[in-house]
Amino acid sequence: MKKLTALLAALLLIIMNCAPAVYAEDDPELGFSVSSEAVYLVNNETGMVIYEKNADTKLDPASLAMIMTAIIAIENCPDLENTIVTAPTYIFDEIFLMGAMNVDMKHGEEARMIDLLYAMILRTACECANIIADYIGGGDISAFVDMMNTKAQEIGATNTHFANPHGLPNDDQYTTARDMYLITKYAMDLDPIFMQIATSTEYTMPATNKHSSERTIYHTNDMMSESRGGTMYYPYVQGIKTASTSNGRNLVSTAVKDAYSYTLVTLNAQRYYDNGDELSDNMAFVDAKQLYEWAFNNWGIRSVLKTSTIITSVDVELAEDVDEITVFPDQDVDYLMRLDIDMSSLQQVINLPDSVDAPIQSGQVLGTMELKLADTTIATVNLVASENVERSTWLYIVRGIQNFFGSIWLKLIVALLLLVVAGYIAFMILYNNRNKKRRRRRMKRHF
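Here the structure is a predicted model, which means the values were calculated and not measured.

A.B. asks: What's the story with the pattern of salt bridges in this structure? I'm lost.
C.D. replies: Note that side chains of opposite charge can pair when their charged atoms are close. Throughout the structure, instances matching the rule amount to 13 salt bridges. Salt-bridge contacts for Arg178 lead to Glu52; the nearest nitrogen and oxygen are separated by 3.3 Å. With Arg178 in helix α7 (residues 177-190) and Glu52 in strand β2 (residues 49-53), this pair connects stretches of sequence that are 126 residues apart. Judged by its relative accessible area of 25%, Arg178 is partly exposed. Assessed through its relative accessible area of 39%, Glu52 is described here as partly exposed.

If you want it as structure tokens, here you go:
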């Protein structure tokens, strides 16, 4: 019995040691676990953040820093196709000593700026990042890094700091999932060339003075390739940049399906089992595929309000033949939301006066309505009159008379008249009393 117990205990220990680590429990909002330490998922059509996790936690961007390097290059090199850049010798020392990813650029090699950008974004070529930084920085890579940090502040990525153009480890380099989204969105909107580069599955670099033949490079985001992606292939994903740290993996990507598109940032996805072995799957890809599927399957644009919907009615004063008028919203409202949300949970907060005066024109704004989902205001619309309402001249005159007799001016006039009358009466009483006294004195003198 003791031997059997010991055997079972040993088997249990082996199973526990061989089992992969569980990085996170299932997220109740998602129904599955997310390996990445930080996540930021945004719908591109609306700008709505539909999922976030530790969005402001500062983490190592690794080679995601190259997105900012590309921004600075595109903004400061007006002719990417025809600008020839020569690789200086000093930029290679740091790269090769750290065993960084590269495309085998050589000392003194001449390459077009556009080729350097493709190599940097698709293959995480760190030497290309340094070559670009040296050229744009006028021979001073630190000056280029200053440009990166200035641009980050301009974009609003205030929790980001860059220490180099390629993202190799540095304690003074950090970003957040939210900031990396802001930087990526800026790049996506900056110039079509960025997305042209970042979404290319492969690129052929032309021959140079140091390479006699062409070189074909492939995007490191294997989710884009059916042949290289395996189970992680996802036909809807597009680019943008992968990165690896000593502890995890980063990914910035977009995905388009039907009428919807999303941008996703995941940082520090689990890379190793507890026993130190590297995971067979890239968990950044696993997270991205699950999150995109969740977004496409569970979120959609839903019709929340139509202009044909009667909201309520409001009393009308001074009208010839109506006592009230119905009001409608002045615009349709469509909103990105969970498909399983019960539309009856929407709240209508109506702001209308108790009554309105004729004349009223059809479409005239009479009030507003706020549409709320839980504590979130999703839209505020004007409420407009459904028809023309004519004013009754007789009722308008009566109102004017009523207003006059109820006005402060009438009260002041009446008060003034009363004062005048009171003053006149007082004067007359005083005047009569004086006359009586005079008559008495005369009568006394006469006798």
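A.B. asks: Help me out: how do you make sense of the pairing of strand β17 (residues 376-385) in this one?
C.D. replies: Here strand β12 (residues 324-329) runs beside β17; their pairing, made up of 3 bridges, is antiparallel. Its bridge partner lying in β17, Val327 is registered against Ala385. Strand direction decides the pairing type here: strand β16 (residues 365-373) and β17, joined by 8 bridges, are antiparallel. Considered in β17, the bridge of Lys372 is made with Thr377.

A.B. asks: I keep staring at the packing of aromatic side chains and nothing clicks. Help me out?
C.D. replies: Aromatic ring pairs: the centre-centre distance and the angle between the two ring planes describe each pair. Tallying each qualifying case throughout the model produces 10 aromatic pairs. Judged by centre distance (5.6 Å) and plane angle (50 degrees), the rings of Tyr40 and Tyr181 are tilted. Taken together, the residues span a long stretch of sequence, with Tyr40 in strand β1 (residues 38-43) and Tyr181 in helix α7 at a distance of 141 residues. With centroids separated by 6.4 Å and ring planes inclined at 25 degrees, the aromatic side chains of Tyr292 and Phe296 adopt a geometry described as stacked. With Tyr292 and Phe296 both in helix α10 (residues 283-298), this residue pair falls 4 residues apart, about one helical turn. Exposure remark for Tyr292: the relative accessible area of 0% places this residue in the buried category. Using a relative accessible area of 12% as the deciding quantity, one classes Phe296 as buried.

A.B. asks: Whenever I open this one, a negative patch on the surface confuses me. Can you help?
C.D. replies: Negative charge collects at one region of the surface, where Asp315, Glu317, Asp323, Glu324 and Asp354 lie side by side. Tracing the sequence through the fold places Glu324 in strand β12. When its relative accessible area of 46% is taken as the criterion, Glu324 is described as partly exposed.

Rules behind the numbers
- Residues numbered from 1 in each chain as written.
- Predicted model: local features only at pLDDT ≥ 70, side-chain atom pairs only at ≥ 80, totals over all residues.
- Heavy atoms only, no water.
- Salt bridge = Lys/Arg side-chain N within 4 Å of Asp/Glu carboxyl O.
- Helix = DSSP H or I, 4+ residues; strand = E, 2+ residues; numbered from the N terminus.
- Buried < 20%, exposed > 50% of the residue type's maximum accessible area, 1.4 Å probe, protein only.
- Pairing = 2+ DSSP bridges.
- Phe/Tyr/Trp six-rings, centres within 6.5 Å; stacked < 30°, edge-to-face > 60°.
- Patch = residues over 30% accessible without salt bridge, like charges linked within 9 Å, V, L, I, M, F, W, Y side chains within 5 Å.
- Areas by Shrake-Rupley, 256 points an atom, 1.4 Å probe, with all protein chains shown as cover.
- Lys, Arg positive; Asp, Glu negative; His and termini not counted.
- Charge placed at Lys NZ, Arg CZ, Asp CG, Glu CD.

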